Amino acid sequence: MAKKVAVIGAGVSGLISLKCCVDEGLEPTCFERTEDIGGVWRFKEKVEDGRASIYQSVITNTSKEMSCFSDFPMPEDFPNFLHNSKLLEYFRIFAKKFDLLKYIQFQTTVLSVRKCPDFSSSGQWKVVTQSNGKEQSAVFDAIMVCSGHHFLPHIPLKSFPGIERFKGQYFHSRQYKHPDGFEGKRILVIGMGNSGSDIAVELSKNAAQVFISTRHGTWVVSRVSEDGYPWDSVFHTRFRSMLRNVLPQTVVKWMIEQQMNRWFNHENYGLEPQNKYIMKEPVLNDDVPSRLLCGAIKVKSTVKELTETSAIFEDGTVEENIDVIIFATGYSFSFPFLEDSLVKVENNMVSLYKYIFPAHLEKSTFACIGLIQPLGSIFPTAELQARWVTRVFKGLCSLPSERTMMMDIIKRNEKRIDLFGESQSQTLQTNYVDYLDELALEIGAKPDFCSLLFKDPKLAVRLYFGPCNSYQYRLAGPGQWEGARSAIFTQKQRILKPLKTRVLKDSSNFPVSFLLKILGLLAVVVAFFCQLQWS
């Protein structure tokens, strides 16, 4: 009989977990507390307790080819970076294609998840839910927690003396929806992550003045990279990942600094990170430097104190007549339906093997999906997590001993601190390509480059030097998809398709740039021989 799996949450992690369960012949039931799928990516005008909230203008920071599920490319006419409504459309198409909605119980809240009395032998769980005021309980063979980590706002008011005296309006960024009502105001945004930067840019177009306060500074990166391609399709390649792993860390960090400053000099803009050698997640924003150049946004240091109408900063400067303060200070997360002994959250951290499994359970029948912050797209990451987890549940993959898992957790955390620092916002941070390969290796889906070099050298080169996207993990192993190779070779076509909305005459087959390179090379050769002649 198929094992019954409870999937908690119908956001991106929940949807892909459902599909993976079905692919492995498991019997999933998904509990979603709201009336629809999409999780954080489903915009609603009103903020709801216990649910993630986004502003109306949110656009993805990772491109469609690097964010789609591994056997379901996004439509080629979709833009490369998607508005939240467009991404939700993709999720709906995905759910319909694989008939996932029938497994979801909407408007059903999970109240508790507890071990059954015979857990040590059965590995089963008792799940209590509530729907329409009525409680129900059921026994499941396994649990997949997909409830996300962006719903508990972190507002450290004690770090801002005088906030109780401030006469203006203040709120967390999750309350922000659109710029209406903020026209002509002087606004202070505290925190310069992606949300804080987006909100500051949007408000600066109609506000009297926007200030953005950052404790440590940050790197700001454009979505547009080399030759106009999406940043992640250029940055996340196996070749570049190999260089970052092989070269000394001092060299790697120097290279990253040079790369970050290629667009604009961060020091000149007051943005250079305090510890620029920590590989903290950069801000993805195409407008920040131009709004700074226009004076619409001004960068400030940490807020030292607030008065009734002004903000005093650590560098001694004061900004008067502040009307609104927006705290873009991130999120905490918790699992109120779980016992602390199962997944304990301390200092915004959890101890999970490979960010997924509690190490101390007698049976490997519980997993967290998507409780991670990779330096790339969360969607392929959550998918590979779910593919591995469902095979563990089915008994096709096994976990190491508790001691081995605990050692891995400790070592991984030490490495994370060394690379990303100890900030609360970085507790779930991990490298991208390395982590994907690590998960793929567990299920036998990591590409075999040695074999491919002989069997399909063209593909091997594309995999190594091209974008490391999810299709690579469907070339072989369980869940192999016959369309994977084609998807890899046609990804450039899908990237360019939405951009080619103006018909151009065929360009010459002999590019001018190539001609200039040849002429330049000839000039160097001529100069060399002339130098020899005059010597």
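Residues numbered from 1 in each chain as written. Predicted model: local features only at pLDDT ≥ 70, side-chain atom pairs only at ≥ 80, totals over all residues. Heavy atoms only, no water.

- Looking at an unreviewed UniProt entry, the chain carries the name Flavin-containing monooxygenase, with the source organism given as Rhinopithecus bieti.
- We quote the UniProt Sequence similarities (unreviewed entry) comment for the chain here in full: "Belongs to the FMO family." (UniProt positions renumbered as here; feature names shortened; annotations may be inferred.)

### Things to note about the overall build of the chain
Then step 1. Secondary structure assignment for the chain yields 17 helices and 22 strands.
Then step 2. Over its C-alpha trace the chain gives a radius of gyration of 25 Å, about what one expects of a compact globule, namely 24 Å for 535 residues.
Then step 3. Considering only C-alpha atoms, the chain reaches an extent of 90 × 70 × 50 Å along its principal axes.
Then step 4. Relative to its full complement of 535 residues, the chain shows a buried share of 49%.
Then step 5. In the chain, the proportion of contacts linking residues at least 24 apart, taken out of those at least 6 apart, comes to 68%.
Then step 6. Carbon and sulfur atoms provide 53% of the accessible area of the chain, an area that totals close to 26,000 Å².
Then step 7. For the chain, the distance from the average site of its 63 positive side-chain charges to the average site of its 57 negative ones is 4 Å. (Helix = DSSP H or I, 4+ residues; strand = E, 2+ residues; numbered from the N terminus. Rg over C-alpha atoms; globule rule 2.2 N^0.38 Å. Buried < 20%, exposed > 50% of the residue type's maximum accessible area, 1.4 Å probe, protein only. Contact = heavy atoms within 4.5 Å. Areas by Shrake-Rupley, 256 points an atom, 1.4 Å probe, with all protein chains shown as cover. Lys, Arg positive; Asp, Glu negative; His and termini not counted. Charge placed at Lys NZ, Arg CZ, Asp CG, Glu CD.)

### Structural notes on the sheet that holds strand β18 (residues 324-327)
Then step 1. In space, the five strands of this open sheet follow the order β9-β18-β10-β11-β14, with parallel pairing throughout. Two strands bound the open sheet, and with one partner strand each, they are β9 (169-172) and β14 (297-300). Across the sheet, the mean angle separating the axes of adjacent strands is 20° when strand polarity is ignored.
Then step 2. Of the strand pairs in this sheet, strand β11 (residues 209-213) and β14 are connected by four bridges, and their pairing is parallel. The partner of valine 210 across the bridge, within β14, is isoleucine 297.
Then step 3. Sitting on the sheet, helix α5 (residues 194-204) touches β10 (186-190), β11, β14 and β18, and the angle it makes with β11 is about 165°. (Pairing = 2+ DSSP bridges. Axes fitted to C-alpha atoms, helices over the stretch in contact; angles between N-to-C directions.)

### Let's talk about the nonpolar core
Then step 1. Among the nonpolar cores identified, the biggest contains 94 residues, and Tyr90, Phe91, Met144, Ile187, Phe357 and Trp388 are the most heavily contacted of them.
Then step 2. Residue contributions to this core peak at eight residues, all from helix α10 (residues 378-394).
Then step 3. Excluding its chain neighbours within four sequence positions, the residues that come into contact with tryptophan 388 are Tyr353, Lys354, Ile356, Phe357, Cys397, Leu399, Leu439, Glu442 and Ile443.
Then step 4. Counting residues in each nonpolar core, the second largest holds 23 residues, with Phe31, Val110, Leu342 and Cys368 among its members. (Core = buried A, V, L, I, M, F, W, Y, C linked by side-chain atoms within 4.5 Å.)

### Focus on a nonpolar patch on the surface
Then step 1. Residues Ile155, Leu157 and Tyr170 make up a contiguous nonpolar surface patch of about 220 Å² in total accessible area.
Then step 2. By secondary structure assignment, the location of leucine 157 is in the loop between β8 (152-153) and β9. (Patch = residues over 30% accessible without salt bridge, like charges linked within 9 Å, V, L, I, M, F, W, Y side chains within 5 Å. Salt bridge = Lys/Arg side-chain N within 4 Å of Asp/Glu carboxyl O.)

### Some thoughts on the sheet that holds strand β7 (residues 142-145)
Then step 1. With respect to topology, five strands assemble into an open sheet ordered β3-β2-β1-β7-β20, the strand pairing being parallel. The open sheet has two free edges, formed respectively by β3 (104-105) and β20 (366-368), since each of these has just one partner strand.
Then step 2. As judged from the four bridges shared by strand β1 (residues 4-8) and β7, these two strands associate in the parallel manner. Residue pairing across strands places alanine 6 opposite isoleucine 143, the latter belonging to β7.
Then step 3. Running over the sheet, α10 touches β1, β7 and β20 and is turned about 170° from β7.

### Points about the side chain of aspartate 437
Then step 1. Along the chain, the position of aspartate 437 falls in helix α12 (residues 433-443).
Then step 2. Its relative accessible area of 11% is what places aspartate 437 among the buried residues.
Then step 3. In contact with aspartate 437, other than residues within four places in its own chain, are Arg238, Lys446 and Tyr473.

### Observations concerning the pairing of strand β2 (residues 27-31)
Then step 1. Counting buried residues in β2 gives four out of five residues, a clear majority hidden from the surface.
Then step 2. Across five bridges, the pairing between β1 and β2 is parallel. Within the sheet, the bridge partner assigned to lysine 4 lies in β2 and is glutamate 27.
Then step 3. Taken together, β1, helix α1 (residues 12-23) and β2 form a β-α-β motif whose crossover is right-handed. (Right-handed = clockwise from strand over helix to strand, strands pointing away.)

### A word on helix α7 (residues 238-246)
Then step 1. Residues of α7 that are buried: Arg238, Ser241 and Arg244. When α7 is viewed along its axis, its buried side chains cluster within an angular range of 120° and face the same direction.
Then step 2. Against α6 (231-235), α8 (249-260), α12, α13 (449-455) and α14 (457-465) lie the buried residues of α7. (Arc of directions from axis to C-beta.)

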